[in-house]
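Results of the structural survey
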Amino acid sequence: MADKPIVLKVLLRQKHLQGHRAFCKEYDKLAKQIEPDLVGSWPSKAQFYRWLSRDIQGLPYAHHCRILEAMLPGWTAEQLFQEHTGGIEFVPEPPNSASTGRPAKPPQPTMQGMADVTAVFPSRPAFSHEIPPHKLFDSAEQINMVGLSLNLLCQSYPDRSLLDLLESGTVVQCLFLSPDGRYIKEREQEEAHPQGVLSTLTTLNIQTLQRLHGKLSPEARGNLRIRTYDEAVRFNITVVDDATCVVQPYLPDARGVESPTLVIEKQPGPPGLFETFSQVFESMWARSTEVAT
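Below is a summary of the structure that appears in this document.

Rules and cut-offs
Residues numbered from 1 in each chain as written. Predicted model: local features only at pLDDT ≥ 70, side-chain atom pairs only at ≥ 80, totals over all residues. Heavy atoms only, no water. Core = buried A, V, L, I, M, F, W, Y, C linked by side-chain atoms within 4.5 Å. Buried < 20%, exposed > 50% of the residue type's maximum accessible area, 1.4 Å probe, protein only. Helix = DSSP H or I, 4+ residues; strand = E, 2+ residues; numbered from the N terminus. Contact = heavy atoms within 4.5 Å. Salt bridge = Lys/Arg side-chain N within 4 Å of Asp/Glu carboxyl O. Axes fitted to C-alpha atoms, helices over the stretch in contact; angles between N-to-C directions. Parallel < 35°, antiparallel > 145°, perpendicular 65-115°, else oblique. Nonpolar A, V, L, I, M, F, W, Y, C, P; charged D, E, K, R; others polar. Phe/Tyr/Trp six-rings, centres within 6.5 Å; stacked < 30°, edge-to-face > 60°.

With that settled, consider the nonpolar core. Core analysis: the largest hydrophobic core is formed by 30 residues, its most contacted members being F137, L153, L162, V172, F176 and L209. Those elements that provide at least two residues to this core are α7 (133-137), β2 (142-146), α8 (151-154), α9 (159-167), β3 (171-177), α11 (197-215) and β4 (224-229). For this core, the element with the most residues is α9, which contributes four residues. Those residues within four positions of L153 in sequence are excluded, and the remaining contacts are F137, M145, L162, V172 and C174. V7, L68, W75 and L80 belong to the second-largest nonpolar core, a separate cluster that totals 22 residues.

So this is what it looks like as structure tokens:
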């Protein structure tokens, strides 16, 4: 994408708004004029740079699209996220839809009743194919996870990348189902595993994080926090930066990788599912048991 930027990147560069801080100031300025409730709802730094590299599925949320269209008059959100065929220095003019001989696309209806769910995948592998761990974690400032063995982080994300995150100040809180408790044994029976399979995997993942903790500088060690709980396992929840939440239910007679996966992104307005699952994590974390590192 470096050789073929999207239109949005070229136009923001022309206005000297290609930096996140400058963009957010302009975003709030326009939001205050046209929709005051959106002040402060600008994208996170990581989201903003994913926009510019077109590393997103579809278009941004509707409220972001409204602000972008106000910021760059004459362009629709769809046009802004199209590939720009000229060089990065050549500033295009808004296309005239009447001259193309094709009618302009009608506005897309807003999906009702979806709370803040932005994507649903039939399984964890399908989710990881579209949103691999490095896209989810690489720019994170805080990662909160609760589930069973937390393989998404412990088995699918490189140790070196996790160490770099922790050393840069990212806070990672991992809440495992206790490998010595009652409920992991019940889950082994439910999934028809031989006794000790899930307990061994969870212990291994906890030990992996303990080993990484020992490699951290003294200043960064407090950024990695490990705890366990012993309750019926209901959800695997990953919350990134108070912005994105990934949720999987634990289904009867099915391994975790086979469960449907919901991607939930925090939206302005009334609380939605993001707040629901964030609060589930916070509540469970508060009553959990710290693991020595």
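With that out of the way, let us pick up the pattern of salt bridges. Counted by the stated rule, this structure contains nine salt bridges. Measuring nitrogen to oxygen at the nearest pair gives 2.9 Å for the salt bridge that ties E35 to R66. Linking E35 in the loop between α2 (20-34) and α3 (45-52) with R66 in helix α4 (residues 62-71), this pair joins segments that are 31 residues apart in sequence. Take R66: its relative accessible area is 37%, and that puts it in the partly exposed class. Residues joined by salt bridges that share partners form a network here, namely R187, E190 and E191.

Contact geometry for helix α10 (residues 182-190) and α11: axes closest at 8 Å, N-to-C directions at 125°. In terms of orientation, α10 and α11 fall into the oblique class. Taking contact as the criterion, the partners of I184, R187 and E188 in α10 are, on α11, V197, L198, S199 and T202. Residues that form the contact of α10 with α11 fall into these classes: three nonpolar, two polar and two charged.

Time to look at the packing of aromatic side chains. Going through the model one piece at a time under the given rule, you end up with nine aromatic pairs. Consider the rings of W51 and F81, whose centres lie 6.2 Å apart with planes at 85°: the pair is edge-to-face. Taken together, the residues W51 in helix α3 and F81 in the loop between α5 (77-80) and β1 (117-121) connect sequence positions 30 residues apart. Overall, the relative accessible area of 4% leaves W51 in the buried class. The class of F81 is buried, set by a relative accessible area of 5%. Members of the aromatic cluster, connected to one another through ring pairs, are F23, Y27, F48, Y49, W51 and F81.

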